[in-house]
Amino acid sequence: MVNTQKIQEILMNSIFEVFEKMFFVFLEPVDEDVKYDLISTINFMGPINGEVKIFFTMGIAETMVQNMLSLNRKDVTEKIIEDCAKEAVNMISGNFLQKLDSSKVFDLSIPTYAKKAGVFTSQVQNQSGAIWNLSFESEGNLMAVSVSIPAEGQ
Amino acid sequence: MSFNVLIVDDSISMRAVIKKIVTISGFQMDSCLEAGNGREAMELLATNWVDVIISDINMPEVNGLELLDQLKKNDTLKEIPVIMITTEGSSERMEEAFGRGAKGFIKKPFLPEEIKKVLYQVIGVGENGEYAEDTRNTDELDF
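For clarity, every value in this text was computed on a predicted model and none was experimentally measured.

Regarding the overall build of chain A
For chain A, the helix and strand inventory stands at 3 helices and 7 strands. The C-alpha atoms of chain A give 15 Å as radius of gyration, which agrees with the globular expectation for 154 residues (15 Å, within 12%). The C-alpha extent of chain A, read off along each of the three principal axes, is 45 × 30 × 25 Å. Taken across its 154 residues, chain A has 49% of its residues classed as buried. Long-range contacts, defined here as pairs at least 24 residues apart, represent 65% of the contacts in chain A between residues at least 6 apart.

Okay, structure coming up:
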């Protein structure tokens, strides 16, 4: 298994690739808390099990939808935002796992979405497993991604 | 000659993007049907003929691999070429999809050119409408 630093690098590249290719959003890593409005989540099961979460501000979610579907802001509905948010977490997890080890098969759950505000802080640690927390900025909008892998048996 | 296409994906945004890419690629499309999962796809196929299916794998109810199995069992539908377009890009998953009858495989995230290339290869026509000899997408098999 690759080391923690390498996993973070793979995760970062997976996130960049998905956002640039599919949403035409160019992200810059930042070291700050994210006041998010929406969360999309997916679980993966395979040689290792875990969870990927994306914490979106409404601004970045709207930009993604506009870019992906060539829509005006007034035409962006909550249903489409939910759809894109779920597709984003699906693509990031699939891309990440494939880059991590393309010889292994992982099953992905159906993504979920919640309109739930909160503050994401990259300092949160997983007491009983591994966690990678990354924050990003694009044109003044913030978002964050968290990947957690619980300790075996949990 | 124009073709009927069925796009199967539980994401309405992804279906819209794929449809847009196929349209702007210049592919001669007569109609484009959409389904949110394999069950909806089979319902559409009961009353509509399509020339190619572009399908996601990870979908609720009936997923893309199960859709391949259902198509294979149906004498009328088993010859329809299916292109899988999915986040699940492990080599084993690709082999599984090809083994169950898929003719092409595209990994998400994708570039528009990748969809265009695989679609033309699988359907067996060149960009100018001429028929190609080899319709199998072998590029993705080199893993």
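A look at helix α4 (residues 91-99) of chain B
All names here are of chain B. Residues S91, R93, M94, A97 and F98 constitute the buried set of α4. Buried residues in α4, looked at end-on, bunch into an arc of 160 degrees, giving them a common side. G101, located one to two residues past α4, shows a positive phi value of around 115 degrees.

Quick word on the interface of chain A and chain B
With 26 residues of chain A at the contact, the number on the chain B side is 25 residues. Here chain A meets chain B over a buried area of about 2000 Å², counting both sides, of which 55% is carbon and sulfur. When the area that chain A buries against chain B is broken down by residue, the three leading residues are K21, D83 and V105 of chain A, summing to 24%. Viewed at the interface, chain B and chain A are joined by 3 salt bridges. Close ionic contact of D107 of chain A with R93 of chain B constitutes a salt bridge, the shortest N to O distance being 2.6 Å. Where chain A packs against chain B, one counts 10 residue pairs in polar contact (both at pLDDT 80 or more). The element contributing the most residues to the side of chain A that touches chain B is helix α3 (residues 78-100) of chain A, with 10 residues.

Some details on the state of the cysteines
Scanning the model with the defined rule gives 0 disulfides over all chains in all. Not engaged in a disulfide, the cysteine C84 of chain A finds its nearest cysteine sulfur in C32 of chain B; these two sulfurs lie 17 Å apart. Taking the relative accessible area as the measure of exposure, C84 of chain A reaches 1% and is therefore buried. The class for C32 of chain B is buried, based on a relative accessible area of 19%.

Notes on the pattern of salt bridges
Inspection of the entire model under this criterion finds 21 salt bridges over all chains. R15 of chain B is the salt-bridge partner of E34 of chain B, the closest N and O atoms lying 2.8 Å from each other. In this pair, E34 of chain B is assigned in strand β2 (residues 29-35) and R15 of chain B in helix α1 (residues 12-24), connecting sequence segments 19 residues apart. Via salt bridges that share partners, D107 of chain A together with D69, E88, R93, E96 and R100 of chain B belong to a single interconnected network.

So, the side chain of S93 of chain A
Along the chain, the position of S93 of chain A falls in helix α3. Apart from the residues within four sequence positions on either side, S93 of chain A is in contact with I42, V52 and L108 of chain A.

Describing the sheet that holds strand β5 (residues 104-107) of chain B
Residue and element names in this part refer to chain B. In spatial order, the strands read β2-β1-β3-β4-β5; together these 5 strands make up an open sheet with parallel pairing. Unpaired on one side and paired on the other, β2 and β5 mark the two borders of the sheet. Sheet twist, expressed as the average angle between the axes of neighbouring strands with direction ignored, equals 20 degrees. Taken together, the 4 bridges between strand β4 (residues 82-86) and β5 define a ladder with parallel strand orientation. For M84, the partnering residue across the bridge sits in β5 and is F105. Along the sheet, helix α3 (residues 64-72) makes contact with β1 (3-8), β3 (52-55) and β4, crossing β4 at roughly 170 degrees.

Reading guide: rules and limits
- Residues numbered from 1 in each chain as written.
- Chains lettered and ligands numbered in written order.
- Predicted model: local features only at pLDDT ≥ 70, side-chain atom pairs only at ≥ 80, totals over all residues.
- Heavy atoms only, no water.
- Helix = DSSP H or I, 4+ residues; strand = E, 2+ residues; numbered from the N terminus.
- Rg over C-alpha atoms; globule rule 2.2 N^0.38 Å.
- Buried < 20%, exposed > 50% of the residue type's maximum accessible area, 1.4 Å probe, protein only.
- Contact = heavy atoms within 4.5 Å.
- Arc of directions from axis to C-beta.
- Buried area = accessible area lost by both parts, 1.4 Å probe.
- Salt bridge = Lys/Arg side-chain N within 4 Å of Asp/Glu carboxyl O.
- Polar contact = N/O pair within 3.5 Å; in protein donor to acceptor, adjacent residues only side chain to side chain.
- Disulfide = S-S within 2.5 Å.
- Pairing = 2+ DSSP bridges.
- Axes fitted to C-alpha atoms, helices over the stretch in contact; angles between N-to-C directions.

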